[in-house]
Amino acid sequence: MRIAFFDTKPYDRDFFDKYGEMNDISFKYYETKLNEDTVGLANGSDGVCVFVNDTVNATVIDKLTEMGIKIVALRCAGFNNVDMKHAYGKIHVFRVPAYSPYAVAEHAMALLLTSIRRIHKAYIRSRDFNFSLSGLTGFDLHGKTVGVIGTGKIGRVFVDICRGFGMKVLAYDIFPAKEFDNGDTVRYVNMDELLANSDIISLHCPLTEDTYHLIDKNAIDKCKKGVVIINTSRGALVDTDALLEGIKTRKIGAACLDVYEEESDLFFEDNSGHIMEDDTLARLISMPNVIVTSHQAFLTREALENIAQTTVNNIVEFTKNNQCPNELCYKSGEAVDCKDGKCFS
Ligand code: NAD
């Protein structure tokens, strides 16, 4: 079986070669992303394997099906880059629903600690033998209130980490997990209450029509002065212009961003030799209280191993049984996990 693998990075290949060889799957690696211009590269393959910034829109789906391709294997959890409404009934889409919630949640905390303890500044200073502490004053996390939006796999690990620091947690989720609320240190509240009372807000919900620009000017206006915003989920959860304005007016104390709404042409690539065309990103990066990493939160050895293993298992399972529990469906107007694996055939 041959799978065209798009947006390949060196760290993908070791793990995919290992699990591919064990299962008679040959991956044809392409550095380019999948989109309308590159979809032809998949010709002759049985499926495509894609990541977060590949484009699987209606045109791409139609071209894949014209080529007789039946499988889109996402090697990620999020699927906002796939037009599931158009895909359903035409091509089978699988995802990796969980590979290491710890990787993402720990990165969120790493960003937060780096930001509030000014580690990014201290690191550069001490490399220059500048041992001055002026301007490096931080604040204790102990006793602070963190608002966690989305208490699924990653959100809950992040809550556990925060509780280890002695923080109070305000949680918001459209499907609250009641058993998670202890009425004291972890409480579900409505969105306005979370915004108004959190010293730190961390986003762990998916990007959907409902969550697009969840953190916009209106939401920022409701926040505490000096709030720290952490986004390790998807860039478009935050209206970047409103975020920038909030930082400029000192309403937002700091921003920790692993994702950015216009990241698809920039992140994962070395742009150090080019003029940065994106003025908004350049302005954000220039600010001392903003930390940007380039969609790196998932990048641990454990996560890469799990991603490769689950992606290959999805392909094998579907090929053998014509069904796969990690398949995505489109039902009642939204993309959902198929669960019983019995999608269209
Ligand atoms: P999950 O499905 O386990 O949890 C998502 C939670 O969000 C669920 O509890 C769901 O009910 C909730 N939710 C859905 N819509 C909501 C809304 N409108 N308001 C509030 N809550 C809502 O997913 P997860 O594995 O925890 O992943 C969360 C997100 O993290 C993914 O969707 C993905 O975008 C992102 N992610 C980022 C990286 C990275 O490297 N930066 C890696 C993996 C996942």
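Please refer to the structure higher up on the page.
What counts and how
- All residue numbers here refer to positions counted from 1 along the written sequence of the relevant chain.
- Given that this is a predicted model, residues contribute local features only at a pLDDT of at least 70 and side-chain atom pairs are listed and counted only at 80 or more, while totals for whole chains, interfaces and linings are drawn from all residues.
- Side-chain metrics rest on all non-hydrogen atoms present in the structure, leaving aside hydrogens and water.
- Each residue's exposure class comes from its accessible area (1.4 Å probe, protein chains only) as a fraction of the maximum for that residue type: buried when under 20%, exposed when over 50%, partly exposed otherwise.
- A run of H or I in DSSP counts as a helix once it spans at least four residues, and a run of E counts as a strand once it spans at least two, with each numbered from the N terminus.
- For two strands to pair, DSSP has to find at least two bridges joining them.
- With the strands pointing away from the viewer, any crossover whose connection runs clockwise from the first strand over the helix to the second is right-handed.
- What makes a salt bridge here is a side-chain nitrogen of Lys or Arg within 4 Å of a carboxyl oxygen of Asp or Glu, nothing more.

1. Points about the pairing of strand 6 (residues 145-149)
Then step 1. Across the five residues of strand 6, five count as buried, placing the element largely inside the fold.
Then step 2. Going residue by residue along strand 6, you find Thr145, Gly147 and Ile149 tucked away on one face and Val146 and Val148 tucked away on the opposite face as well.
Then step 3. Two strands pair when backbone bridges link them, and strand 6 and strand 7 (residues 168-172) are joined in this way by five bridges, in the parallel orientation. Within strand 7, the residue paired with Thr145 across the bridge is Lys168.
Then step 4. In this view, the connection linking strand 6 to its parallel neighbour strand 7 by way of helix 6 (residues 153-164) has right-handed handedness.
Then step 5. With four bridges joining them, strand 6 and strand 9 (residues 200-203) adopt parallel strand pairing. Bridging across to strand 9, Ile149 finds its partner in Leu203.

2. Digging into the pattern of salt bridges
Then step 1. Considering all chains together, one arrives at eleven salt bridges under this definition.
Then step 2. The shortest N-O distance in the salt bridge between Lys9 and Glu269 comes to 3.2 Å. Of the two residues, Lys9 is situated in the loop between strand 1 (2-5) and helix 1 (10-22) and Glu269 in the loop between strand 11 (252-257) and helix 10 (279-286); the sequence distance between them amounts to 260 residues.
Then step 3. Taking the relative accessible area as the measure of exposure, Glu269 reaches 39% and is therefore partly exposed.
Then step 4. Here Glu305 and Lys18 are joined by a salt bridge, their closest N and O atoms 2.6 Å apart. Highlighted residues: Glu305 in helix 11 (residues 301-321) and Lys18 in helix 1, separated in sequence by 287 residues.
Then step 5. For Glu305, a relative accessible area of 22% translates into the label partly exposed.
Then step 6. Where salt bridges share partners, they join Asp7, Lys9, Lys33 and Glu269 into one cluster.

Coordinates in, geometry out; function isn't part of it.
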